[in-house]
Amino acid sequence: MPHEVTPRVVVVGAGIVGCSLADELTARGWTDVTVLDQGPLPAPGGSTSHAPGLVFRTGPSRTLTRFAAYTVEKFSSLDVGGVPCFEPVGGLELATTPERLADLHRRAGFAASWGVPGEVVSAARCKELWPLLDESVVLGGFHTPGDGLARAVLACRAQLDRAVARGARFLDRHTVTGVERADGRVTGVHTDRGFFAADHVVSAAGFWGPVVGRMAGVDVPLQPLAHQYARTRPLPELSGATAEATRPILRFQDADLYFREHGDRIGIGSYAHRPLPVDPFAVPPYDEARAAGREMPSSYPFTEEDWAPSWAECRRLLPALRKAEIESGFNGVFSFTPDGMPVLGESRELRGFWLAEAVWVTHSAGVARAVAEWMVNGRPSIDVHDCDVTRFEEAQRSQAYVRERGSQQFIEVYDVIHPLQPMERPRPLRVSPFYPRQQELGAYFLEGGGWERPHWYEANAPLVADLGDVPARDAWSARHWSPVAAAEARATRERVALYDMTPLRRLEVTGPGALAFLDRMTSNNLRKKPGAVTYTLLLDESGGIRSDLTVARLGPEHFQVGANSPADLDHLLRQAPGTLHIRDITSGTCCVGVWGPLARDLVQPLTGDDFSHEGFGYFRAKRTHLGHVPVTALRLSYVGELGWELYTTADLGLRLWDTLWEAGRGLGVIAAGRSAFDSLRLEKGYRAWGTDMTAEDTPYEAGLGFAVRMDKEHFTGQEALRTRPEPTRALTPLLLDDPAAVVLGKEPVHLDGVPAGYVTSAGYGYTLGRCVAYAWLPTGLAPGTGVHIEYFGEKLPATVTEEPLFDPGMTRIRR
């Protein structure tokens, strides 16, 4: 039989990601893989070559936890010469403050949600696990027995050998000098030792990623920073040690420190020092670094002045270090991004050019598997939307932004971070035209996608007195919350409120074939007359939910599409024929949501057009004027009340707000924020893509089957949905039994005493007087079934309920 020709792949970088990727690609039949690196193998001098190898799997990101879990699984199966590539010594995170101990209970909840065995243990148990600890300093710990140490260079060697056995080749001392391209596609790479043709090029260059990216004309939003690591001289307490490590890897996050054994020595890493940004374009190549007296390019001189405070904390925790000395130390370079997540995926600007960057050893094998699946199959088997290279807005790609946010990520590596906690700088970056009025009303701003987003308005504080008792919150759920949100939710239900919806993404799709294209790309029927609005789903070939869209047909071949992330635009542009024009109009436009039972009383006097239910039905669109302002009005409601989304150009935004505000004075209009908005949408059971469902979930699992028309001629994902087995899991609405209880999301849900799923969205339903939580749980749970949600170690009773929880007859919206 003739040998099957596979795509030619060049991987730039032979660190842990490049080696793992070559192994994963060749295992899937793509054997024409060439891995290039400027340094010598198997330790070419990047971050892998000095990585301490600690693998803690648990964190708030389900994606990163799954990457880490696969890394542990895979490396546990590898060895070189009988030496294992992973040592399962376990992990131990310590608490020396009450706040940290509470957070360890939260982390134990993440572990239960994501399927990682672990438990919160006493100070005495911590002492048993790490006898060198001063038990009096410790309040407790979080023990994960399956975590441990990855021997990164050894894992590189093992995977390199496997890939080579399948046909890959690894070439060291090849410095990439350029990326060749033609007609928008990559065609190969130039090195100082020749040209390598390629159908795909993967940048797995670590902190050199921005350098390789510039050669390809692709931004790589990554900031390298140096991080201190030191080793002690031999300790008498560890004398006679024959194994590299036997005790758990140790985190002392209250002091931004971690520890591991090196035989009779202890290795110590510190994030406590000031950020030390490194210019990737100034990092010397391997031989120059060695000639300058450095061990490798990624190893910078140890800065003693930064170490002193950390050394004092080390000695406080581990008394054995009080007489010890540091034998060696260095400042090792690692990669950070503005949001702390990897940068993965194919560039749309240069097809065939892939990124697998900002990946630590902890997540390396999991990332490599996902990228290999993406390249070979067209999609990863797990959701990676929060790692997708397209996720950053244009305003988040400047060097200044990446440097500032990347440095802040370094500072916050071990901080206790609230899920709503915004970055402090640079702000404000993006503001809607309504921003001056929001400031006047005392808006409390959070941030998302660079946008300033009002969470509530202090101007509404007097309304709280009319509510009666608003349940008090615990300290954690009270952060970035105010009872004003309850007043704003009530005002929306009883009168009318203005919501700034400007940050929600808007795309414009025009040109011959626009209808046919969008109808083929999405699951619902878009073949309706102009003026129709349709909720629909953007699916992938497996039937998973890439995104949910709201599509308004403004003309025969003119559509406004409400989307979620930059990835939606990227995906549509990749698939669109050349006759179409697709552009993001978000920044040049703005939107006010006018919602509440008095919304029609507010809007109708401002226009000569008919805004009655008969004249302007639900899920319809109309172009009109409100006062002097031309608007596109969509009769939609994400809060479950009568109303409209009103769009105009950014230059007229302030005039639109003022027009609506003045018209609503006599009706008791208020401005309301995202906190009330989220409460109201949860009461209606409206999903939030990226939180409640992702590409891993089908419409039928997510309760969105109503947005699928299987009788359409064709749409992406249709065949996969036809052949999918019956769902075994479902997005399930829960009500907490205690009216004062609140959860925030990602908590484990226990059924019959064992974890059975996890919470996606959660928030207090002020109309219902209960906290609403949506959770992925097994199918078949009847309404009334009792479950428990674990919140900071406490099991809170909750009950499965029917949805929607509020106004199931839709009478409030359709009036």
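About the criteria used
Position labels on residues start from 1 in each chain and follow its written sequence. Whole-chain, interface and lining totals are the exception, using all residues; otherwise, since this is a predicted model, local features are given only for residues with pLDDT of at least 70 and side-chain atom pairs are given and counted only at 80 or more. Each side-chain value is derived from all of the structure's non-hydrogen atoms; neither hydrogens nor water enter the calculation. A run of H or I in DSSP becomes a helix once it reaches four residues, and a run of E becomes a strand once it reaches two; helices and strands are each numbered from the N terminus. Radius of gyration here uses only the C-alpha atoms, and the compact-globule reference equals 2.2 Å multiplied by the residue count raised to the power 0.38. Under the scheme applied here, a residue whose accessible area is under 20% of the maximum for its type counts as buried, over 50% as exposed, and between as partly exposed, the area being computed with a 1.4 Å probe on protein chains only. Any pair of residues with heavy atoms lying within 4.5 Å of one another is described as a contacting pair. Only the protein chains shown count as cover for residues, and the accessible areas themselves come from Shrake-Rupley with a 1.4 Å probe. Only strands that DSSP links by at least two bridges are regarded as paired with each other. Axis lines are fitted to C-alpha atoms, over the contacting stretch for helices. Their N-to-C directions set the angle, which ranges from 0 to 180 degrees. Each pair of aromatic rings taken from Phe, Tyr and Trp, with Trp reduced to its six-membered ring, is defined by centres within 6.5 Å and is described as stacked if the planes are under 30 degrees apart, edge-to-face if over 60, and tilted in the remaining cases. Only when the NZ atom of a Lys or the CZ atom of an Arg is both within 6 Å of the ring centre and within 35 degrees of the ring normal do we say a charge sits over the ring. For classification, angles of less than 35 degrees are called roughly parallel, those exceeding 145 degrees roughly antiparallel, those between 65 and 115 degrees roughly perpendicular, and all remaining angles oblique. Residues are grouped as follows: nonpolar covers Ala, Val, Leu, Ile, Met, Phe, Trp, Tyr, Cys and Pro; charged covers Asp, Glu, Lys and Arg; every other residue, Gly included, is treated as polar. Any Lys or Arg side-chain nitrogen located within 4 Å of an Asp or Glu carboxyl oxygen qualifies as a salt bridge. In protein, a polar contact requires one atom able to donate a hydrogen and another able to accept it; more generally it is a pair of N or O atoms within 3.5 Å, and residues adjacent in sequence count only if both atoms are side-chain atoms. Remark: nonpolar core denotes a set of buried residues (Ala, Val, Leu, Ile, Met, Phe, Trp, Tyr, Cys) joined through side-chain atoms within 4.5 Å.

Undergrad: Break down the overall build of the protein for me, citing the residues and quoting the values.
TA: Across its full length, the protein carries 19 helices and 42 strands. Since a compact globule built from 815 residues should have a radius of gyration of about 28 Å, the 28 Å found for the protein is in line with a globular shape. In terms of overall dimensions, the protein has C-alpha extents of about 85 × 65 × 50 Å along its principal axes. Residues counted as buried form 60% of the 815 residues belonging to the protein. Of the contacts formed within the protein by residues at least 6 apart in sequence, a portion of 71% connects residues at least 24 apart. Element-wise, carbon and sulfur atoms account for 50% of the exposed surface of the protein, whose accessible area totals about 30,500 Å².

Undergrad: How would you sum up the sheet that holds strand β12 (residues 176-182)? Please name residues and give values.
TA: Taken in spatial order, the 3 strands make up an open sheet running β12-β13-β14, and their pairing is antiparallel. Both outer strands of the open sheet, β12 and β14 (194-197), are each paired with one neighbouring strand and no more. Direction aside, the axes of adjacent strands within the sheet are offset by 25° on average. Judged from the 6 bridges that link them, β12 and strand β13 (residues 185-191) form a sheet pairing that is antiparallel. Counted as the bridge partner of R181 is V186 from β13.

Undergrad: Tell me about the side chain of H363, residues and numbers included.
TA: Locating H363 in the fold gives a position in the loop between β23 (353-357) and α10 (364-377). Ignoring any residue separated from it by four or fewer positions in sequence, one finds H363 in contact with L64, F67, A68 and T71.

Undergrad: Can you break down helix α18 (residues 674-684) residue by residue, with the values?
TA: Judged by how many residues are buried, α18 sits mostly within the fold: 9 of 11 residues are covered. For α18, every residue scored as buried is listed here: S675, A676, F677, S679, L680, R681, L682, E683 and K684. Taken together, the buried residues of α18 touch β25 (451-457), α13 (484-494), β26 (497-500), β32 (589-595), β39 (754-765) and β40 (770-778).

Undergrad: Account for the pairing of β39, naming residues and giving values.
TA: Counting buried positions along β39 yields 9 of 12 residues, so the element is predominantly enclosed. Of the strand pairs in this sheet, strand β38 (residues 748-751) and β39 are connected by 4 bridges, and their pairing is antiparallel. Within the sheet, the bridge partner assigned to L751 lies in β39 and is V754. Between β38 and β39, which pair antiparallel one after the other, the connecting turn spans 2 residues, and D752 there sits at a positive phi close to 55°. Between β39 and β40, which pair antiparallel one after the other, the connecting turn spans 4 residues, and G769 there sits at a positive phi close to 75°.

Undergrad: Explain the packing of aromatic side chains to me, using residue names and the numbers behind them.
TA: On inspection of all chains with the given rule, the structure shows 30 aromatic pairs. Plain terms: the ring middles of F302 and W307 are 5.5 Å apart, the flat faces sit at 55° to each other, and that makes the pair tilted. A single burial state applies to F302 and to W307, both of which are buried. Following the ring pairs from residue to residue traces out a cluster consisting of Y229, Y258, Y271, F330, F334, F336, W360, F410 and Y414. Across from the ring centre of Y70, 3.8 Å away, lies the NZ or CZ of R369, which sits over that ring. It is R493 that lies over the ring of F806; its NZ or CZ is 3.9 Å from the centre.

Undergrad: I'd love a proper account of the packing of helix α1 (residues 16-27) against helix α3 (residues 62-76), names of residues and values included.
TA: Where α1 contacts α3, the axes come no closer than 13 Å and their chain directions differ by 75°. When the axis of α1 is compared with that of α3, the two are roughly perpendicular. On α3, the residues touching I16, S20, D23 and E24 of α1 are Y70, K74 and F75. Its residues placed into classes, the contact of α1 with α3 shows 3 nonpolar, 1 polar and 3 charged.

Undergrad: Residues and numbers for the sheet that holds strand β34 (residues 629-634), please.
TA: Taken together, the 6 strands give an open sheet; going across it, the order is β33-β34-β35-β32-β26-β36, and neighbouring strands pair in mixed fashion. Each edge of the sheet is formed by a strand with only one pairing partner; in this case those strands are β33 (621-626) and β36 (670-672). For this sheet, the mean angle separating the axes of adjacent strands, direction not counted, is 30°. Contacting β26, β32 and β36, α13 runs over the sheet at an angle of about 120° to β36.

Undergrad: Explain the pattern of salt bridges residue by residue, including any values.
TA: Side-chain pairs of opposite charge can arise where the charged atoms are in close proximity. Considering all chains together, one arrives at 56 salt bridges under this definition. One salt bridge connects R316 with E313, and the closest N-O pair in it is separated by 2.9 Å. Placement of the pair is R316 and E313 together in helix α9 (residues 304-317), with a separation of 3 residues, close to one helical turn. The partly exposed category is assigned to R316, whose relative accessible area is 36%. Among the salt bridges present, the one from R574 reaches D570, with a minimum N-O distance of 2.7 Å. Residue R574 and its partner D570 are both found in helix α15 (residues 566-575); the two are separated by 4 residues, about one turn of the helix.

Undergrad: Account for the side chain of T65, with residues named and values stated.
TA: Among the secondary structure elements, T65 is positioned in helix α3. Assessed through its relative accessible area of 1%, T65 is described here as buried. Within polar-contact distance, the side chain of T65 engages the backbone nitrogen of G59 at 3.5 Å. Leaving out residues up to four positions away in the same chain, T65 has contacts with R57, T58, G59, W114 and V116.

Undergrad: Can you explain the nonpolar core? Please cite residues and give values.
TA: Among the nonpolar cores identified, the biggest contains 50 residues, and F67, F75, F170 and L344 are the most heavily contacted of them. Those elements giving two or more residues to this core turn out to be β1 (9-12), α1, β2 (33-36), α3, α6 (152-166), β23 and α10. Sort the elements by how many residues they give to this core and α10 lands first, with 8 residues. Discounting residues that sit within four places of it in the chain, F67 has contacts with L344, T362, H363, G366, V367, A370, I382, V384 and C387.

Undergrad: Please give an account of unusual backbone geometry that cites residues and values.
TA: The bulk of non-glycine residues show a negative phi, and the bulk of peptide bonds are trans. Along the chain, L41 connects to P42 via a cis peptide bond; the corresponding omega equals 10°. As for its placement among the helices and strands, P42 is situated in the loop between β2 and α2 (47-50). The step from R425 to P426 runs through a cis peptide bond, and the omega angle for that step is -10°. Its place among the elements puts P426 in the loop between α11 (399-411) and α12 (435-440). Despite not being glycine, A358 has its phi angle at roughly 55°, a positive value. Note that A358 resides in the loop between β23 and α10. Exposure remark for A358: the relative accessible area of 10% places this residue in the buried category.

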